[in-house]
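Chain and residue survey
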Amino acid sequence: MAGCWKKPNVSAGKDVVLLHQLDRGVFTPSISPFPLKLETYLRMANIPYENDFKDPMGPKGKTPWMTLNGEDFSDSQLCLELLASTFGKDFSSHLTEAERAIGRTFQIMAEEHLYWVVVLWRWVYTKGKTLWAIQMNFPAPLRFIMPIFVRRMKGQASAQGMGRHSQEEVIEMGMKDLRAMSAYLGIKPYFMGDTPTEMDCAMFGMLAMIVWCMPGSPFEQHMKGEFINLKDFCERMKDQFWPDWNQCLLPPRV
Amino acid sequence: MAAAALEGKDGSNVVILHQLKRGKLTPCISPFALKLETYLRIAGIAYQNDFDEPMGPKGKTPWITLNGKKVGDSQLCLELLSETFHKDLSHHLSIEDKAVARAFQIMAEDHLYWVMLVWRWIYNGGSSLPLIQTDLHFAVRYLRPIVVSRVKSQVSAQGMGHHSQSEVMEMGLKDLRAISNFLGTKSFLMGDQPIEVDCAMFGILAQILWNSLGCPYEPHFTAGELINLKGYCERMKRTFWPDWNQCLIPPLVR
């Protein structure tokens, strides 16, 4: 897919970010954690941006990606760090180095470990069927080539390592991650304390998938029980940075 | 070596640790085997080594045979051993501290590990292998291009393969800095006593510190910002591997 990439013909103004991402979801503004993370960060940092939903896959064959002042950038974390330095934003300056280290580890737990549990659930254990429930605008032929995507994601998860475990083992790993996140968050409003930081955008991106985009998963139930503080954290991030959440869904909710 | 023949006649639990042959500079060139063997030593669990069948039921190394039962994946092995032998090195920690420990372990094993792997097999093309191990695995000795190609596709599936070399090395350095900042002047990661995460951390850090000859992190360890990580590895080695030199091939004679 990366080979068919052609530079799109849209551009935003000077110092305005053009964020390229997948179309809006039914329950969340994106069904992918990384665009949701990056767009939440843009809102948190008050950085002007526009969305482009027509060319979601960028130069590295991944989504999201962004264009800023004519230059293209890929990878949500590299984009975030570039934006932070370009616009002079640092939401973690009040943290000690040890705290920042802890923040990094939880972000990595979400994006490099829990992420694969979500991938396996969405693509392998439910064979991609939940996609139809969480996003509208898939072309009809996708239904027929879905087995190809399923096989591809299975291969990726196996190469990464998590795909070699049984479903039961993978779900248990996911539960352990969520338990750890819930324990660390505790009664704090945000992961690192009273004010949201960059890593909260990453945590929100991933946890939103589990809270709202995994219908029927064993995690869904736990979010209302053992991990209720994680659900509350998601609601808090949504209320604070997405007052227009319902308008950022497809179809928009009235 | 038939596993069933080695069950304890007196009914005691028998642990056989299956791993690659000893390294030249570290007892194992695999971080996960070093982790698991270090754990067995800290926990005081008697075990025997098997170097003839290093690849286990999930196609990975190390693995264990516990009373005849084959178990793959170092973490699943560790958890089973902990349960079987009633060893909980973390019982004194709060649930928050246990959560932080898990997060650091995942950063080491699911993120920094990939940086180490990419450096060893792709940027360095596997050329460090003969320098760090005498009895190379058949595939490494005769089929190195195939191993390199396999690692490349694994790394691409996992995601790190999409980044440039400088981006990858910077990610690794950020992880190392985070571990260093969190460790600070403590003897072990979570305080005065070594726990399970220290085994995992030592497993990975030992590979970067001792088995990555020519790696750009070297000066950071010896004289720079990561010097406390070097001290930490030396401490783990001194405390739990007093026979380190005899666990190398060839053995080191002082």
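Not measured: the values here are computed from a predicted model. (Residues numbered from 1 in each chain as written. Chains lettered and ligands numbered in written order. Predicted model: local features only at pLDDT ≥ 70, side-chain atom pairs only at ≥ 80, totals over all residues. Heavy atoms only, no water.)

Our next topic: helix H5 (residues 142-160) of chain A. Residues and elements named next belong to chain A. For H5, with 19 residues, the first-to-last C-alpha span of 25 Å sits near the 27 Å given by 1.5 Å per residue. At Ile148, H5 is bent by approximately 25°, the largest bend along its length. Among the residues making up H5, those that are buried are Leu142, Met146, Val150, Met153, Gln156, Ala157, Ala159 and Gln160. Phi turns positive, to about 125°, at Gly161, one or two residues after H5. (Helix = DSSP H or I, 4+ residues; strand = E, 2+ residues; numbered from the N terminus. Expected span 1.5 Å × (residues − 1). Bend = angle between axes of the 7 residues up to and from the residue. Buried < 20%, exposed > 50% of the residue type's maximum accessible area, 1.4 Å probe, protein only.)

In this assembly, 31 residues from chain B lie in contact with 30 residues from chain A. When chain B packs against chain A, the two sides together hide about 2,900 Å² of surface, and 61% of this comes from carbon and sulfur. Here chain B and chain A share four salt bridges between them. Between Asp175(B) and Arg104(A) there is a salt bridge whose closest N-O contact spans 2.7 Å. Put simply, chain B and chain A have nine residue pairs in polar contact (both at pLDDT 80 or more) between them. When contributions to the side of chain B that touches chain A are tallied by element, the ones reaching two or more residues are helix H2 (74-84), helix H3 (95-123), helix H6 (144-158) and helix H7 (165-183) of chain B. (Contact = heavy atoms within 4.5 Å. Buried area = accessible area lost by both parts, 1.4 Å probe. Salt bridge = Lys/Arg side-chain N within 4 Å of Asp/Glu carboxyl O. Polar contact = N/O pair within 3.5 Å; in protein donor to acceptor, adjacent residues only side chain to side chain.)

This part takes up the sheet that holds strand E4 (residues 69-72) of chain B. Residue and element names in this part refer to chain B. The strand order across the open sheet built from four strands is E2-E1-E3-E4, with neighbouring strands paired in mixed fashion. Two strands lie at the open edges of the sheet, namely strand E2 (48-50) and E4, each paired on one side alone. The average angle at which neighbouring strand axes cross in this sheet is 25°, direction not considered. Note: strand E3 (residues 63-66) against E4, four bridges, orientation antiparallel. Bridge pairing in E4 places Thr65 opposite Lys70. Relative to the sheet, helix H1 (residues 31-43) contacts strand E1 (15-18), E2 and E3, its axis offset from that of E1 by approximately 155°. (Pairing = 2+ DSSP bridges. Axes fitted to C-alpha atoms, helices over the stretch in contact; angles between N-to-C directions.)

In the numbering used here, UniProt assigns the "domain: Metaxin glutathione S-transferase" (unreviewed entry) feature to residues 174-236 of chain B. Secondary structure over residues 174-236 of chain B splits into 63% helix and 0% strand, and the C-alpha atoms at its two ends are 22 Å apart. (UniProt positions renumbered as here; feature names shortened; annotations may be inferred.)

Residue and element names in this part refer to chain B. Counting through the fold element by element, Ser90 comes out in the loop between H2 and H3. Judged by relative accessible area, Ser90 falls into the buried class, the value being 11%. Filtering out sequence-adjacent residues up to four positions away, Ser90 remains in contact with Lys98, Ile195 and Glu196.

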